[in-house]
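A look at the structure
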Amino acid sequence: MRMIGSFMSKAMDKAGLTARARHPEKISKPDSPMRRKPPWIRVKAPTSEAFFETQNLMRRLRLNTVCEEAACPNIGECWAQKHATMMIMGDVCTRACAFCNISTGIPSQLDKFEPQRIASAVAELDLAHVVITSVDRDDLVDGGAAHFAEVITKVREGSPATSIEVLTPDFQKKNGAIEEVVSARPDVFNHNLETVPRLYATVRPGARYFLSLELLNEAKRLDPQIFTKSGLMVGLGEEKGEVLQVMDDLRAANVDFLTIGQYLQPTRKHHPIARFVEPEEFETYKRSAYGKGFQMVSASPLTRSSYHADNDFKKLKASREQKLTF
Ligand code: SF4
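Residues numbered from 1 in each chain as written. Predicted model: local features only at pLDDT ≥ 70, side-chain atom pairs only at ≥ 80, totals over all residues.

1. Structural notes on the overall build of the protein
When you go through the protein residue by residue, the secondary structure sums to 13 helices and eight strands. Computed over the C-alpha atoms, the radius of gyration of the protein is 19 Å, within 12% of the 20 Å expected from 2.2 N^0.38 for a compact globule of 326 residues. Dimensions of the protein, computed from the C-alpha atoms along their principal axes, are close to 55 × 45 × 40 Å. Counting all 326 residues of the protein, 48% fall into the buried class. Intrachain contacts of the protein at a sequence separation of at least 6 include 76% that bridge at least 24 residues. (Helix = DSSP H or I, 4+ residues; strand = E, 2+ residues; numbered from the N terminus. Rg over C-alpha atoms; globule rule 2.2 N^0.38 Å. Buried ≥ 20, exposed ≤ 12 C-beta atoms within 10 Å, placed from the backbone. Contact = placed C-beta atoms within 7 Å.)

Listed below in structure tokens is the structure:
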């Protein structure tokens, strides 16, 4: 079995190319050895016709996906079902998180035709549910909120039956940013906490834990009908008690849906993997999270924010409807 994503990263990393070309700020960082993945993380290389159709469509419409940019291990499975998570506002991020494989540097200008191309892709793929994310655009006055809103509007116009999930940056508390995105009425507002607060300084140095929590809380306050969602990576050096505390914090911020997945190290210059969390431990986290009142929990080694997002959204909706009936 071949590992995709990490297989690609490994080959590039060997030549030192990944860090040099994609992450200039990490060049002087010490190397962290890449750990061999356990059997439960391994996935097959993509071979299906539908995978290549999805790939061709993304190329034709000049769209970026987080699936490719973040070297996601699930790409073979997701793209075979035409589930691609589109990444808007370019492929260069203004932050430099220690876990992330997306290129960093100075981004180019916003493409005003991108919202329409995203809408065309959603319509061509005939998606029941779409996840739209972005790079961080701290260089923009509104952090890219208006562009997010425009994408939501265009997708709605072109595919009124498609549910829309946005996975946004924190917008650095920029004036009116969160209001602008929420007023475009996405079905799911997702923002990942990524890790426990103790590790923010090393893992997510450009972000603030309480700012992210506040963003989620505010999205729900502005529109209680929106489902809110957040995600964590484990295996970065967090303690179990810290993960449970994050769950409590998310519930206090009225977050409905939690995802937990294993952190995978993209290159030797990225944050090392502290350990591989075993599948049984994910089950334990899942039980705890349901016990704390989340409406929906997805926790497994390969869970990512957008993995199986369409089915999970259906379950989330059903769970709310059931609650309303009682
Ligand atoms: S899990 Fe998300 S990011 Fe990964 S391939 Fe699937 S849709 Fe793309």
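Continuing now.
2. Description of the site of the ligand
Every residue close to the ligand is listed here: V66, C67, C72, N74, I75, C78, H83, T85, R304, S306 and Y307. Secondary structure elements with two or more residues in the shell around the ligand: α4 (66-69) and α5 (75-80). Classifying every residue of the shell around the ligand gives six nonpolar, four polar and one charged. (Near = placed C-beta within 6 Å. Nonpolar A, V, L, I, M, F, W, Y, C, P; charged D, E, K, R; others polar.)

3. A short note on the sheet that holds strand β5 (residues 188-190)
Sheet strands line up and pair through hydrogen bonds in the backbone, either parallel or antiparallel. Read from one edge of the open sheet, eight strands run β1-β2-β3-β4-β5-β6-β7-β8, paired in mixed fashion. Each edge of the open sheet carries a strand with a single partner, namely β1 (64-65) and β8 (296-299). Summarising the sheet, strand β7 (residues 257-262) and β8 pair through four bridges and their orientation is parallel. If you follow L258 over to β8, its bridge partner there is V297. Sitting on the sheet, helix α7 (residues 145-158) touches β2 (86-88), β3 (129-134) and β4 (163-167), and the angle it makes with β4 is about 165°. Where helix α11 (residues 240-252) meets the sheet, it contacts β6 (227-234) and β7, and its direction lies at approximately 170° from that of β6. (Pairing = 2+ DSSP bridges. Axes fitted to C-alpha atoms, helices over the stretch in contact; angles between N-to-C directions.)

4. A word on the pairing of β3
Counting buried residues along β3, six of its six residues qualify, which places the element largely inside the surrounding structure. Judged from the three bridges that link them, β2 and β3 form a sheet pairing that is parallel. Counted as the bridge partner of I88 is S134 from β3. Handedness of the crossover joining β2 and β3 through helix α6 (residues 114-125) is recorded here as right-handed. Sheet topology places β3 next to β4; five bridges connect them, and they run parallel. Counted as the bridge partner of V131 is E165 from β4. Read from β3 through α7 to β4, the crossover connection turns out right-handed. (Right-handed = clockwise from strand over helix to strand, strands pointing away.)

5. Focus: the nonpolar core
Counting residues in each nonpolar core, the largest one holds 82 residues, and the members touching the most others are I118, I132 and L258. By residue number, the principal contributor to this core is α7, which donates six residues. Discounting residues that sit within four places of it in the chain, I118 has contacts with L63, M86, I88, I132, V151, K154 and V155. (Core = buried A, V, L, I, M, F, W, Y, C linked by C-beta atoms within 7 Å.)

6. Considering the environment of P224
Looking at the element boundaries, P224 is found in the loop between α10 (209-222) and β6. By the C-beta count within 10 Å, which is 9 here, P224 ends up exposed.

7. A look at the packing of α6 against α7
Look at α6 against α7: their axes get within 8 Å of each other, and the N-to-C directions meet at 40°. Relative to α7, the element α6 is oriented oblique. When the axes of α6 and α7 are compared, the crossing they make is right-handed. Seen from α6, the contacting residues are P115, Q116, I118, A119, S120, V122 and A123; seen from α7, they are E150, V151, K154, V155, E157 and G158. Here the residues of the contact of α6 with α7 are counted per class, giving seven nonpolar, three polar and three charged. (Parallel < 35°, antiparallel > 145°, perpendicular 65-115°, else oblique. Left-handed = near helix turned anticlockwise from the far one by under 90°.)

8. Description of α7
Along its 14 residues, α7 runs 20 Å from first to last C-alpha, staying within 8% of the 20 Å computed at 1.5 Å per residue. Within the sequence span of α7, burial applies to A145, H147, F148, A149, E150, V151, I152 and V155. Packing partners of the buried residues in α7 comprise β2, α6, β3, β4 and α8 (177-183). (Expected span 1.5 Å × (residues − 1).)

9. Some remarks on the pairing of β4
When you tally the buried positions in β4, you get five out of five residues, the bulk of the element. Side-chain alternation along β4 places S163, E165 and L167 on one buried face and I164 and V166 on a second face that is also buried. Sheet analysis places β4 next to β5, joined by three bridges and oriented parallel. Pairing of L167 across the sheet is with N190, part of β5. In this fold, β4 hands off to α8, which returns the chain to β5; that crossover is right-handed.

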